[in-house]
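Spelled out from the first residue to the last, the chains are:
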Amino acid sequence: MTGGVVETVREFVHEALLYDGDDEFISATAEFIRQGVDAGEPVLVVVGAAKIARLREELNGAGDAVLFADMAELGANPARIIPAWQQFVEQHLRDDRPVRGIDEPISAERTADELVECQRHEWLLNLAFADAPAWRLLCPYDVSKLADAVIEEALRSHPIVVRSGERGASASYRGLADPARPFDLPLSAPPANAEVLEFDGSHLAGARQLVCRGAADAGLSRARANDFVLAVNEILTNSVRHGGGSGLLRIWPDDGRLVCEVEDRGRIDDPLVDRRRPHPDQISGRGLWMANQICDLVQLRSADGGGNIVRLHMSRG
Amino acid sequence: MLERTGGGCLALHGEVDMATVDLLARELAAESERGEDVRLDLSHLAFIDIAGLWVFHEAAVKLGRAGCTLTLVSPPPAVPRMLALLGWTEIASLRVEQPP
């Protein structure tokens, strides 16, 4: 990476690493980690379990100071990753010493819905840490497995790109303007067999029963069903309190999952609304954050002219 | 919503959501003003939302200031899990008791 030159960072640096297969992943990320360890920087690596095992081996003891987290646990729902980075940065960053991290949310195994939300996560990182003290985050992308369109989006969401050891500015970086795009793209249409309930504040108990029945039909465990009911109830409550008082609940099974979608007439202005860890003394504003802690995936769309859609996914587990 | 049972315990029945949370808040606030520990039996609680858990949090904070505690007895498993996710398990005056 630029001949191993260690530069002093002055702001949040968000880099895409385009690598060709696992061997290049290991050599490039291990070098990035060693640079951090040598400089006394705290390092957090969030990648898949197999890569963690290979990295520990490659680092051969130098990895003892490095924190590792399995992406399948921490970032199965990609909206949980930014709060984890915020916590890491708050705990470890000092004025005289930056930190660094590796974050690989996007792999070929992600479903189409997950991929879109991972791409949203990548873009939101720029916004979440725009005013943060200096630290470096490297996001690896496997060009041997990912579609060209995925790599093109990585170049738009990362100001810096590293490829074959060359590090430079990404010409197609989108910048911080227009936070919604391209994530205001509509979600896929709900299937024709979706159950639909028009709700207002008097229908919450009935809505919970509907979700409970759907969860049983979809084969969710009792615990996961109860958690999902809680998450959906919070989103419905948000609609009644802040989203115009009423809305539509749609519910359908999808390939081993249960999907619930809540549509209302509210509008969400803060793109990071669902990934700010609420302060324990804060009285409200926890619904979306909790939904992300509970559900496998939460898709949030807010249209310019008003109208929110929150689509929650829960698998059998 | 609260029903006095034997042994100085209160029982919370039914479902706590936006339709009933204010009632729970009023009743629990009244109980919290007696200057005594409050024990709340949740074994018959069918549902509670986050605003309802906030009511527990508020009551525990208030009781804590008076040197008292709020104990949630036999809660559904989701209750302690959600309290932990919300960062509300750090309050010394909020206790969870699961009889063996």
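Positions within a chain are numbered from 1, following the residues in the order the chain's sequence is written. Chain letters start at A and ligand numbers start at 1, both assigned in the order the entries are written. In keeping with the predicted nature of the model, local features appear solely for residues at pLDDT of at least 70, side-chain atom pairs appear and are counted solely at 80 or more, and the whole-chain, interface and lining totals rest on all residues. The side-chain numbers reported here are obtained from all heavy atoms of the structure, hydrogens and water having been left aside.

Caption draft 1: Main features of the overall build of chain B. Under the scheme used here, helices are H or I runs from DSSP no shorter than 4 residues and strands are E runs no shorter than 2 residues, and both carry numbers assigned from the N terminus. Helix and strand content of chain B: three helices and seven strands. Reading the secondary structure of chain B in the N-to-C direction produces β-β-β-α-β-β-α-β-α-β. The globule rule used for comparison is 2.2 Å times the number of residues to the exponent 0.38, while the radius of gyration itself is calculated over C-alpha atoms. Taking 2.2 N^0.38 as the reference for a compact globule, 100 residues should give roughly 13 Å; the C-alpha atoms of chain B span a radius of gyration of 12 Å, in line with that estimate. The principal-axis extents of the C-alpha atoms in chain B amount to approximately 30 × 30 × 25 Å. In chain B, buried positions account for 46% of the 100 residues. Residue contacts are defined here by distance: any two heavy atoms, one from each residue, within 4.5 Å place the two residues in contact. For chain B, the proportion of contacts with a sequence separation of at least 24, taken over those separated by at least 6, is 69%. Here chain B has roughly 4,700 Å² of accessible surface; of this, 52% comes from carbon and sulfur atoms. With a 1.4 Å probe rolled over the protein chains alone, any residue whose accessible area is under 20% of its type maximum counts as buried; one over 50% counts as exposed, and the rest are partly exposed. In short, Shrake-Rupley with a 1.4 Å probe defines the accessible areas, and a residue's cover is counted only from the protein chains shown.

Caption draft 2: Summary view of the nonpolar core. Take the buried residues of types Ala, Val, Leu, Ile, Met, Phe, Trp, Tyr and Cys, join any two whose side-chain atoms come within 4.5 Å, and each joined set is a nonpolar core. The biggest cluster of nonpolar side chains holds 65 residues, and the ones touching the most others in it are A:Leu249, A:Leu312, B:Phe56 and B:Leu70. When neighbours within four sequence positions are excluded, A:Leu249 is seen to be in contact with A:Glu195, A:Val196, A:Leu197, A:Phe199, A:Ala207, A:Leu210, A:Val211, A:Val232, A:Leu236, A:Cys260, A:Glu261 and A:Val262. Among the nonpolar cores identified, the runner-up in size contains 32 residues, and A:Ile82, A:Leu93, A:Cys118 and A:Leu272 belong to it.

Caption draft 3: Expanded view of helix α2 (residues 49-59) of chain A. All names here are of chain A. For α2, the complete set of buried residues consists of Lys51, Ile52, Leu55 and Leu59. Seen end-on, α2 carries its buried residues on one side only, within an arc spanning 100 degrees. Residues of α2 that are exposed and point more than 90 degrees away from the buried face comprise Ala50 and Glu57. What the arc covers is the set of directions going from the helix axis to the C-beta atoms.

Caption draft 4: How the structure looks around the sheet that holds strand β2 (residues 43-47) of chain A. Residues and elements named next belong to chain A. By this definition, two strands are paired if DSSP reports at least two bridges between them. Taken together, the seven strands give an open sheet; going across it, the order is β3-β2-β4-β5-β1-β6-β7, and neighbouring strands pair in mixed fashion. Where the open sheet ends on each side, the last strands, each with one partner, are β3 (67-70) and β7 (166-169). Between one strand axis and the next, the sheet turns by 20 degrees as a mean value, whatever way the strands run. As judged from the four bridges shared by β2 and strand β4 (residues 100-103), these two strands associate in the parallel manner. If you follow Leu44 over to β4, its bridge partner there is Gly101. Interaxial angles span 0 to 180 degrees and are taken between N-to-C directions of axes, which are lines fitted to C-alpha atoms, for helices over the stretch in contact. Of the strands in this sheet, β1 (12-19), β2 and β3 are in contact with α2, which crosses β3 at around 160 degrees. The sheet contacts of helix α5 (residues 112-128) involve β1, β4 and β5 (135-142), and relative to β1 the element is tilted by about 150 degrees.

Caption draft 5: Focus on the interface of chain A and chain B. At the junction of the two partners, chain A supplies 21 residues and chain B supplies 17 residues. With both chains or domains summed, chain A and chain B bury close to 1,700 Å², and 65% of this area falls on carbon and sulfur atoms. Considering only the side of chain A, the residues that lose the most area to chain B are A:Arg208, A:Leu230 and A:Met290, jointly responsible for 28% of the buried surface there. Within this document, salt bridges are pairs made up of a side-chain nitrogen of Lys or Arg and a carboxyl oxygen of Asp or Glu, the two lying within 4 Å of each other. Our count for the contact surface shared by chain A and chain B stands at three salt bridges. A salt bridge links A:Asp227 to B:Arg81; the nearest nitrogen and oxygen atoms lie 2.5 Å apart. Pairing of N or O atoms within 3.5 Å defines a polar contact, subject to two protein rules: one partner must be a possible hydrogen donor and the other a possible acceptor, and residues neighboring in sequence count only if both atoms are side-chain atoms. Linking chain A with chain B are four residue pairs in polar contact (both at pLDDT 80 or more). Going through the elements one at a time, α7 (204-217), α8 (222-242) and α9 (287-294) of chain A are the ones with two or more residues in the side of chain A that touches chain B. Considering each element in turn, the side of chain A that touches chain B owes the most residues, nine residues, to α8(A). As a working definition, buried area equals the accessible area (1.4 Å probe) given up by two parts on being put together, with both sides summed.

Caption draft 6: View of the sheet that holds strand β11 (residues 297-302) of chain A. All names here are of chain A. Strand order in the open sheet formed by five strands is β8-β9-β10-β12-β11, with antiparallel pairing between adjacent strands. This sheet does not close on itself; its edge strands, each paired only once, are β8 (195-200) and β11. Averaged over all neighbouring strand pairs, the angle between strand axes comes to 15 degrees, with direction disregarded. Here six bridges tie β11 to strand β12 (residues 308-315), and the two strands are oriented antiparallel to one another. Counterpart to Arg301 in the pairing with β12 is Ile309. Contacts from α5 reach β10 (257-264), β11 and β12 within the one sheet, and its direction differs from that of β11 by about 65 degrees. Seen against the sheet, α8 touches β8, β9 (246-254), β10 and β12 and runs at an angle of roughly 175 degrees to β12.

Caption draft 7: Quick peek at the layout of surface pockets. One number sums up the size of the largest pocket: a volume of about 760 Å³. Listing elements by their share of the lining of the largest pocket, those giving two or more residues are α8, β10, α9 and β12 of chain A together with α1 (21-32) and α2 (50-65) of chain B. For the lining of the largest pocket, the residue count by class is 15 nonpolar, 11 polar and nine charged. If you add up the space inside the second largest pocket, you get close to 530 Å³. Of the two site types, the cavity is a set of points on a 1 Å grid over the protein atoms alone where a 1.4 Å probe fits but cannot get out, and the pocket is an open set with protein on both sides within 12 Å along at least five of seven lines, each lined by residues with an atom within 4 Å of a point. Lining the second largest pocket are 27 residues, with A:Gly48, A:Met71, A:Glu104, A:Ser107 and A:Glu109 positioned closest to its centre. Elements represented by at least two residues in the lining of the second largest pocket include exactly α1 (22-38), α2 and α3 (71-74) of chain A. Here the residues of the lining of the second largest pocket are counted per class, giving 13 nonpolar, three polar and 11 charged. Grid points are joined across faces, edges and corners, and a volume is the space filled by probe spheres set on the points. Only Asp, Glu, Lys and Arg are considered charged, only Ala, Val, Leu, Ile, Met, Phe, Trp, Tyr, Cys and Pro nonpolar, and every remaining residue, Gly among them, polar.

Caption draft 8: Main features of the side chain of A:Arg250. All names here are of chain A. Relative to the assigned elements, Arg250 resides in strand β9. Within the local environment of Arg250, its side chain forms a polar contact with the side chain of Glu263, the two groups lying 2.8 Å apart. Those residues in contact with Arg250 that lie beyond four places of it in its chain are Pro190, Glu195, Val196, Val259, Cys260, Glu261 and Glu263.

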